[in-house]
Amino acid sequence: MNPVNYLYLAALLFTIGASGVLIRRNAIVVFMCVELMLNACNLTLVAFSRMHGNLDGQIIAFFTMVVAAAEVVIGLAIIVSLFRSRHSASVDDASLMKL
Amino acid sequence: MENLIALLVAAPLLGAAVLLCGGRRLDRAGHWIGTVLAAASFVVGAVLFTDMLGKGAEDRTLRQHLYSWIPVEGFQADVAFQLDQLSMTFVLLITGVGTLIHIYSIGYMEHDERRRRFFGYLNLFLAAMLILVIADNYLLLYVGWEGVGLASYLLIGFWQHKPSAATAAKKAFLVNRVGDIGLSIAIMLMFTTFGTFAFGPVFEATGDTSEGKLTAIGLMLLLAACGKSAQVPLQSWLGDAMEGPTPVSALIHAATMVTAGVYLIVRSGAVFNGAPDAQLVVVVVGAVTLLFGAIVGCAKDDIKKALAGSTMSQIGYMILAAGLGPIGYVFAIMHLVTHGFFKAGLFLGAGSVMHGMNDEVDMRRYGGLRKFMPVTFVTFGLGYLAIIGFPGLSGFFSKDMIIEAAFAKGGTEGWILGSVTLLGAAITAFYMTRVMLMTFFGEKRWQPDAEGHEPHPHESPKSMTIPMIVLAFGSVFAGGFFSLGDRFLHWLEPVTGHDHGHAPVSAATVTAATMVVLVIGVAIAWAMYGRRPVPAVAPRGSLLTRAARRDLLQDDFNHVVLVRGGEHLTRSLVYVDHTLVDGVVNGTAASMGGLSGRLRKLQNGYARSYAVSMFGGAAVLIAATLLMRAV
Amino acid sequence: MSFPLLTATAALPAIGAIATAAVPAARRTAAKWLALAVSLATLVLAGIVFARFEPGGDRYQLTESHAWIKDFGVRYELGVDGIGVALLALTALLIPFVILAGWHDADVLETNSSRWRPTQGFFALILMVEAMVILSFVATDVFLFYILFEAMLIPMYFLIGGFGDRAHSGSDENAAAQRSYAAVKFLLYNLAGGLIMLAAVIGLYVVAGSFSLSEIAEARANGSLDMATSTERWLFLGFFFAFAVKAPLWPLHTWLPNAMGEATTPVAVLITAVVDKVGTFAMLRFCLQLFPEASKWATPVILVLALISIVYGALLAVGQRDIKRLIAYASISHFGFIVLGIFAMTSQGQSGATLYMVNHGLSTAALMLVAGFLITRRGSRLIADYGGVQKVAPVLAGTFLVGGLATLSLPGLAPFVSEFLVLVGAFSAYPVVGIIATVGIVLAALYVLVLYQRTMTGPVREGIGGMPDLKVRELAVALPLIALLIFLGVFPQPLTEVVNPAVQHTMHDVQKKDPQPEVEAAK
């Protein structure tokens, strides 16, 4: 199969993720969309790695996964504590960080 | 002998320092310290004079170099003195009249609690004036020039609690500063032209430069002289300067300081000789002031202001004579010296009158004082005869010489100048007779002063009358003494040079004409003020009289154009500085604030709007990268 | 390796500042005496520097040089030339007077709290400024100079904003607002100038590869460092802008009246007599030496700005109602003269400008500090609130008059020498400029005499009646300054001797010769 198709898929996934981040209000959903974008990137990296025949992209993908896992831990923790204090998971409710 | 020159200055300078810094404990002895040091300076001057007389005419000049004042690359200013016949004449006049006036002031200022300081200022004046006349370069002369200006400022404003005195002092200083611009620029011109401003080298080099340069220097020197000597158009300060104590008016504003302009022009003779155009302007200024001062003097009822007008006019004579070139230099100085005697005497007399009349200055409130103040009357009268040029007295000789010199200028110019000086002589006779009649003759017109004290005119104490008597002697005999065998001419000629000119009329004719105009002037005054009683309130008078009372409207012009105009200018500049220059800065600050206020709105706290800007930014970056690659 | 005299002269006040700041709250009088003692000791060191400086010797003397930031070639390089030594002496001389005059300035801020130490802070800041100014006069490394040039803003900012003048016509809140406005304005103006200078400093490094003044100047002189004309001009402008703000030159002057008006008088003296001199000093040392061609290129514009400063500053001084602002505008006029003298590029002009810096420091200090004594007595800065002081406090009036006469450059007092030299220098190179500048002397007489007349003469006004005359402490400030003004006016040789060779070096840098007198030129 043509590896370029993977790139198209990755672009599609990234777009879905990005629009999810922009459109949805629920923090969990936004969070999952971010994960979707990350994974779209991973897919791109792997696809390019395959296309160019070197392993750099795949290694970076592993790093991304590790970072993503760490991010999930911290992010979920923040969302949970936010939910506890405000009884809401909407990102628009947490708008105090402004000048 | 040379080493004594510095002593001339040092004595009064020491006096000024001691008296001004000494504090109250010197209050009781202060006036004696001041007088003794002034007299010491006179003695030093006399010693130097006798020494000078013992030498031949050519090697009479003494020099003393003290130290290098401002040594800067290409610029050499020294503190160095030069005492030649011209300086010597001034030294004797200044210290002599100065000492007399110190003695007079002991009595005159007796009741003033700040007498010590008065004597300190007088000594300061003497020191500065002596520096002025014995400096050997223009920059040091400038020091004396401004120094006398400072002393004059302090003394005119001596009674500082009177706002009018403070204003008059400030005015005198400011008008003099305008003149000082002239002296500064003249010195700078000399520096760029000759590379030096010491008398000797400059006068030697005048032949090597263009007439245009010399004319420029001459005109600038004239501007300086106009300021210091109260010549038109910078004359306006002298009348107001009469706010000062009368001894000050006698010493500074009659006998010495105001004649510094004449000294400057005569001293710079070498420059003026090479610049006929500048000389012409000098003559015109002298002639105009001569008439201006005389006309003003006719209209004033304040005795000191009338005398101030007369001073202006007499200095006009001197300036005119100085402008005639070598024909007139000697006579300018001779008139200066005799004028120093009789005008100082007249002022001291006026002071004596005021002293006896509760400081009243309005002549319409005098009258008939000759019986009450015999000594003052006689000395004042002799001064009066001298100034109008009564035959045989000082003024007769010196003024006559100037009138002759004016005719000797030759051509139409000579005729015009001669007529102006004759006319001036007539007016002089008129206004001085007027002063004499209104003060000492006629009926009593005394009135109680503001506090209701009736004046009790009385003769002044000895300390005041003795200087007056001495000056009266000078007024009577100095002119004759100087003229006998042309003594004064031979004395000064080595320094100033002399030229007889070509008189179109004989000396005898001129003298006769002078006598005629003198009689006419006196007769008119007698007709107006002697024959009929003087009204105690000034009549309205003709248009000219009213203008003359207001100094021929020159002051009003100054007020409207300079004072008002200046006020408007500074006020609008303050506004401009605040709104425009500062406004630009404040405006920048305000617009920065506004911009940041607007930008702040972007930070609305919504995570998703931040996300939009992130995506937008990323999209722009990618687009830019692609675009760059495409190009 | 000889004793690092210059470092010691600068370090002493810095250490003194720290020591003063560390004095416990309860012993504030001790802090005052300590500060005074330190400033006097610094004066002694400065005197030794002045005495050891040989006018005929090398251009930079008492040099020190140590590596500092090796990667960028920044060195800790000190050295003093004739101009630097004169200003160093002036600074060290004025600080004791500033401290004495400001003896009670911080007292109003004192509370009984044991942690609040305004007095200590006030005097420590003054000493800190002294240390930085002294170091900036002797720094021969461009980067080192830049750091000091900027760093001295910090203590100055606190001195202006933290210790304002209590004699304020408005309410306390209004006064505080005015004060912080003045302090911020001072800081922003000078920071803006400094920022542009920083860009120029970096640019210079990129072009020249060194920060060392002597290295760059030497390389420029022997032609091994060739700058493009436009580069040189841009760098020159960057430096000049910063110095023109500091100097201050029209139209960058508006911070000065605010700062001098709101600060206490000793701090105002510190600003105009000491800190601002760094600006004009740096024009001589950096602009002319590093960028001679660009300096000549910019001369016409700068001369015009200087002329505007002279006339405009004087006219605005005439129009002021506030004594301190009047003196501030007078200073702007005088700074115009200094810049005029520097850029006339004649020996007389530059010697005059250097003397002018010293003399202006002395005359402004005399006038301003006595004005400060007057203001403290009456509690008002408005000229209209005074009148007849001469009658009740003759010594105060007398010293004020002498300060005023020095400000209007009366012959016999020090400023005359410098002003005349500047005028002659300007006139011989540009006659018209010289003539216009001469008008400044009339205007100076006007604002000084009007100020004197309105405050000191006339009938005694309400509120002036019981005014005490100068006290011992105040006399100790006024009299030495007056004595110096007279001494340097009559005998300026000690200064001209050290300044002349330095000026000849600068003239050589810009490759200018004095115009020949016409008569000699013709021969």
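Being a predicted model, the structure only gives us computed values, none of them experimental.

Cut-offs applied
- Residues numbered from 1 in each chain as written.
- Chains lettered and ligands numbered in written order.
- Predicted model: local features only at pLDDT ≥ 70, side-chain atom pairs only at ≥ 80, totals over all residues.
- Heavy atoms only, no water.
- Helix = DSSP H or I, 4+ residues; strand = E, 2+ residues; numbered from the N terminus.
- Rg over C-alpha atoms; globule rule 2.2 N^0.38 Å.
- Buried < 20%, exposed > 50% of the residue type's maximum accessible area, 1.4 Å probe, protein only.
- Contact = heavy atoms within 4.5 Å.
- Areas by Shrake-Rupley, 256 points an atom, 1.4 Å probe, with all protein chains shown as cover.
- Lys, Arg positive; Asp, Glu negative; His and termini not counted.
- Charge placed at Lys NZ, Arg CZ, Asp CG, Glu CD.
- Buried area = accessible area lost by both parts, 1.4 Å probe.
- Salt bridge = Lys/Arg side-chain N within 4 Å of Asp/Glu carboxyl O.
- Polar contact = N/O pair within 3.5 Å; in protein donor to acceptor, adjacent residues only side chain to side chain.
- Nonpolar A, V, L, I, M, F, W, Y, C, P; charged D, E, K, R; others polar.
- Phe/Tyr/Trp six-rings, centres within 6.5 Å; stacked < 30°, edge-to-face > 60°.
- Lys NZ or Arg CZ within 6 Å of the ring centre and 35° of its normal.

**Structural notes on the overall build of chain A**
A tally of helices and strands in chain A yields three helices and zero strands. Secondary structure elements of chain A occur, N-terminal to C-terminal, as α-α-α. In terms of C-alpha radius of gyration, chain A reaches 16 Å, well past the compact-globule figure of 13 Å for 99 residues. Here the C-alpha coordinates of chain A stretch approximately 50 × 25 × 25 Å along the principal axes. For chain A, the residues scored as buried account for 27% of the 99 residues in total. Contacts in chain A between residues at least 24 apart in sequence constitute 59% of all its contacts with a sequence separation of at least 6. Surface summary for chain A: the accessible area is close to 6700 Å², and the carbon and sulfur share equals 72%. Chain A carries 6 positive and 5 negative side-chain charges, and their two centres are separated by 8 Å.

**Some remarks on the interface of chain C and chain B**
Each partner contributes residues to the interface: chain C has 64 residues there, and chain B has 54 residues. The contact between chain C and chain B buries some 5100 Å² in all, and 68% of this surface belongs to carbon and sulfur atoms. Counting every contact that joins chain C to chain B gives zero salt bridges. For the pair chain C and chain B, the number of links is 15 residue pairs in polar contact (both at pLDDT 80 or more). Among the elements that take part in the side of chain C that touches chain B, helix H18 (residues 431–456) of chain C stands out by supplying 11 residues, more than any other. Split by residue class, the side of chain C that touches chain B holds 37 nonpolar, 21 polar and six charged.

**Quick word on the pattern of salt bridges**
With the rule as written, the count across this model stands at 21 salt bridges over all chains. Note that Asp 81 of chain C and Arg 285 of chain C form a salt bridge whose closest N and O atoms lie 2.9 Å from each other. A residue pair is termed long-range when its members are at least 10 positions apart, and Asp 81 of chain C in the loop between strand S2 (74–80) and helix H3 (82–101) and Arg 285 of chain C in helix H11 (residues 265–290) qualify at 204 residues. For Asp 81 of chain C, a relative accessible area of 4% translates into the label buried. The residue Glu 262 of chain C makes a salt bridge to Arg 381 of chain C at a minimum N-O spacing of 3.6 Å. Here Arg 381 of chain C lies in the loop between helix H14 (347–378) and helix H15 (389–392) and Glu 262 of chain C lies in helix H10 (residues 255–262), a separation of 119 residues in the sequence. Connected through salt bridges with shared partners, the residues Arg 25 and Asp 92 of chain A together with Arg 608 of chain B form a single ionic network.

**What about the side chain of Lys 185 of chain C?**
With respect to the element layout, Lys 185 of chain C can be found in helix H7 (residues 172–208). Overall, the relative accessible area of 6% leaves Lys 185 of chain C in the buried class. Polar side-chain contacts of Lys 185 of chain C include one of 3.1 Å to the side chain of Asn 258 of chain C. Excluding its chain neighbours within four sequence positions, the residues that come into contact with Lys 185 of chain C are Asp 582 of chain B together with Thr 254, Trp 255 and Asn 258 of chain C.

**Structural notes on the interface of chain A and chain B**
The interface of chain A with chain B comprises 15 residues on the first partner and 10 residues on the second. Counting across the interface, chain A meets chain B through one salt bridge. Two residues, Arg 608 of chain B and Asp 92 of chain A, come together in a salt bridge whose shortest N-O distance is 2.7 Å. At the surface where chain A touches chain B, the tally comes to three residue pairs in polar contact (both at pLDDT 80 or more). Ranked by residue count, the leading element in the side of chain A that touches chain B is helix H1 (residues 4–23) of chain A, at five residues. Grouping the amino acids of the side of chain A that touches chain B by side-chain chemistry returns 10 nonpolar, one polar and four charged.

**Quick look at the packing of aromatic side chains**
The full count for this structure, using the stated rule, is 49 aromatic pairs over all chains. A centroid spacing of 5.0 Å and a plane angle of 85° characterise the contact between Phe 137 of chain C and Phe 281 of chain C, whose relative ring orientation is edge-to-face. Taken together, the positions of Phe 137 of chain C in helix H4 (residues 118–138) and Phe 281 of chain C in helix H11 put the pair 144 residues apart, joining distant regions of the chain. Both residues of the pair, Phe 137 of chain C and Phe 281 of chain C, count as buried. An aromatic cluster is built from Phe 145, Phe 149, Phe 239, Phe 243, Phe 286 and Phe 291 of chain C, whose rings are joined through pairwise contacts. Looking at Arg 114 of chain B, its charged tip hangs above the ring of Phe 158 of chain B, at a distance of 4.5 Å from the centre. Cation over ring: Lys 246 of chain C sits above Phe 149 of chain C, and NZ or CZ is 4.4 Å from the ring centre.

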